[in-house]
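Descriptive structure summary
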Amino acid sequence: MKPEQTLTPQELFLRQQTQKKRQIRAARILLLAAFLILWEAAAAFGWIDSFIFSSPSRITETFWTMCREQELFRHIGITLAETLISFFLVILFGIGIAVLLWLCPRFSSVMEPYLVVLNSLPKSAMAPLLIVWLGANMRTIVVAGMSVAIFGSIISLYSEFKGVDPDAVKLIYTLGGTKRDTLRKVILPSSVPFLLSTFKVNIGLCLVGVVIGEFIGARSGLGYLIIYGSQVFQLNMVIMCIFVLCIIATLLYAAVSFLEKQYLKKH
């Protein structure tokens, strides 16, 4: 490694940024480790009730027990599959409906207040109705996952489409292009970074919706395990499932962020 005196200003800046990222990563790890150690100590010394609040060692033991029985992986797989299906459907319908709204301004003027109302509606209140309408099956859970993300996604994408550089749009029309040409050549390409940013939010929202659906009408999945564990007072299982959901959310977010970075590097 070169001494700082021999570095160019650009190299010095890049080194400082790398060191800053490492410090932030180390601080995050230390904060998590301190929390887990304090939690374990509080349970061991009786500062908190370990039956109610559990402890890292109890959660780890429960995790390995369920892994040996191969039961946990089945529930994780079901929740993950339902989340990914709902996420891809949100992408498909979100982009499709946003494009339709942009192509038909009169239709968008009619639908905009309804989309706002549907987006504001508490989705947990709709979950019991979905169970009654569609039955207690995977389709219902996927719809519950979609309901949390899709309306906000449509509104955001449509607003982004309307906010695209008007000069670029005028140029297409000046050259004799149609509205569809404007959509293909200007609107969609310029909105890709925003689309990827929206996907990072949607993947987490879909997971939330899926878990809400599993709370009410599922016989498998991590949401079902949380409800089952709370009913039989297996709180170690409940907290363990919450930790697993946090890990899944982090990994899904990281995967979408990786795709975003790869796209931005190429463009």
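Residues numbered from 1 in each chain as written. Predicted model: local features only at pLDDT ≥ 70, side-chain atom pairs only at ≥ 80, totals over all residues. Heavy atoms only, no water.

Further remarks concern unusual backbone geometry. Working note: non-glycine residues mostly have negative phi, and peptide bonds are mostly trans. In this structure, Ser-54 takes a positive phi of about 60° despite not being glycine. On the secondary structure map, Ser-54 appears in the loop between helix H2 (50–53) and helix H3 (56–68). Owing to a relative accessible area of 0%, Ser-54 belongs among the buried residues under this scheme. Phi is positive for Phe-233, which is not a glycine, with a value near 60°. Within the element layout of this structure, Phe-233 appears in the loop between helix H10 (222–231) and helix H11 (235–266). (Helix = DSSP H or I, 4+ residues; strand = E, 2+ residues; numbered from the N terminus. Buried < 20%, exposed > 50% of the residue type's maximum accessible area, 1.4 Å probe, protein only.)

Looking now at the UniProt feature "transmembrane region" (unreviewed entry) in the protein. Here, UniProt's "transmembrane region" (unreviewed entry) annotation points to residues 29–48, 84–103, 115–135, 141–161, 194–217 and 237–259. With 100% helix and 0% strand, residues 141–161 has its two end C-alpha atoms placed 30 Å apart. Taken as a whole, residues 237–259 contains 100% helix and 0% strand, while its terminal C-alpha atoms sit 33 Å from one another. (UniProt positions renumbered as here; feature names shortened; annotations may be inferred.)

The subject of this paragraph is the environment of Leu-222. With respect to the element layout, Leu-222 can be found in helix H10. Owing to a relative accessible area of 0%, Leu-222 belongs among the buried residues under this scheme. As a C-alpha pair, Leu-222 and Ile-187 span 35 residues in sequence and 39 Å in three-dimensional space. Those residues within four positions of Leu-222 in sequence are excluded, and the remaining contacts are Leu-72, His-75, Ile-76, Thr-79, Glu-214, Cys-241, Val-244, Leu-245 and Ile-248. (Contact = heavy atoms within 4.5 Å.)

Taken N-terminus to C-terminus, the directions of helix H9 (residues 179–217) and H11 make an angle of 170°; their axes are 10 Å apart at the nearest point. Between H9 and H11, the crossing angle belongs to the class labelled roughly antiparallel. Note on element contacts: H11 touches H9 through Leu-245, Ile-248, Ala-249, Leu-252, Tyr-253, Val-256, Ser-257, Glu-260, Tyr-263 and Leu-264, opposite Pro-189, Val-192, Pro-193, Leu-196, Ser-197, Phe-199, Lys-200, Ile-203, Leu-207 and Val-211. Here the contact of H9 with H11 is composed, by residue class, of 16 nonpolar, two polar and two charged. (Axes fitted to C-alpha atoms, helices over the stretch in contact; angles between N-to-C directions. Parallel < 35°, antiparallel > 145°, perpendicular 65-115°, else oblique. Nonpolar A, V, L, I, M, F, W, Y, C, P; charged D, E, K, R; others polar.)

Here H3 crosses H11 at 85°, and the two axes come no closer than 9 Å. Our classification of the angle between H3 and H11 gives roughly perpendicular. Of the residues in H11, those in contact with Arg-58, Ile-59, Thr-62, Phe-63 and Met-66 of H3 are Asn-236, Met-237, Ile-239, Met-240 and Phe-243. For the contact of H3 with H11, the per-class residue count stands at seven nonpolar, two polar and one charged.

All right, on to the packing of aromatic side chains then. The geometry of two aromatic rings is summed up by the distance between their centres and the angle between their planes. Per the counting criterion, the structure on display carries seven aromatic pairs. Consider the rings of Phe-45 and Trp-47, whose centres lie 5.5 Å apart with planes at 25°: the pair is stacked. Of the residues examined, Trp-47 reaches a relative accessible area of 58% and is grouped as exposed. Taking the centre distance of 6.1 Å and the plane angle of 25° together, the rings of Tyr-224 and Tyr-228 count as stacked. Of this pair, Tyr-224 and Tyr-228 both sit in helix H10, four residues apart, roughly one helical turn. (Phe/Tyr/Trp six-rings, centres within 6.5 Å; stacked < 30°, edge-to-face > 60°.)

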